[in-house]
Amino acid sequence: MSRAAPQGYDEVHVPALKPKPFGEDERLKEISELPEWARKAFAGMRSLNRIQSRVCNAALFSAENLLLCAPTGAGKTNVAMLAILHEARARPTRRAGAGVPGRRGRHWGCQAHGVVRLMDAS
């Protein structure tokens, strides 16, 4: 850590932590391992990152709620995309407007700090 005081304010630089080594059963999930119907959402990517790989099965194959707290740039948006793909696959024939809050039916919401799935809008 270094500290400087230029122009009347303190400037502190804190180095990033080194990531822990991968566990024996931990690995990055390759995009080619995702179902074919989900791969297009991740075009140009070779694999999910560490956080995305850890929660991929819960987001893509489970209807359970998720709460993901991670720093900016950690990949929360791609986890939200996995959850959205799950919902789109589970309800392929929804009419336009069915997910709009205030109308009857169900909708999902994606917030900066988490994904909320299947909130009852009836």
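See the structure printed just above.
Residues numbered from 1 in each chain as written. Predicted model: local features only at pLDDT ≥ 70, side-chain atom pairs only at ≥ 80, totals over all residues. Heavy atoms only, no water.

1. Looking at the pattern of salt bridges
Counted according to the given criterion, the structure contains 4 salt bridges. Salt-bridge contacts for Arg50 lead to Glu26; the nearest nitrogen and oxygen are separated by 2.8 Å. Of this pair, Arg50 sits in helix α2 (residues 50-61) while Glu26 sits in the loop between β2 (11-13) and α1 (36-39), placing them 24 residues apart in sequence. Across the pair Arg27 and Glu33 runs a salt bridge, and its minimum N-O distance is 2.7 Å. Each member of the salt-bridge network shares a partner with another, and the members are Glu26, Arg50 and Arg54. (Salt bridge = Lys/Arg side-chain N within 4 Å of Asp/Glu carboxyl O. Helix = DSSP H or I, 4+ residues; strand = E, 2+ residues; numbered from the N terminus.)

2. With respect to α2
Within α2, the full set of buried residues consists of Gln52, Ser53, Cys56, Ala59 and Leu60. End-on, the buried residues of α2 take up no more than an arc of 130°, which puts them together on one face. The opening residue of α2 is Asn49, an N-cap whose side-chain oxygen sits 3.1 Å from the backbone nitrogen of Ile51. (Buried < 20%, exposed > 50% of the residue type's maximum accessible area, 1.4 Å probe, protein only. Arc of directions from axis to C-beta. Polar contact = N/O pair within 3.5 Å; in protein donor to acceptor, adjacent residues only side chain to side chain.)

3. Quick notes on the environment of Glu11
Here Glu11 is to be found in strand β2. There is a polar contact of 2.8 Å between the side chain of Glu11 and the side chain of His13.

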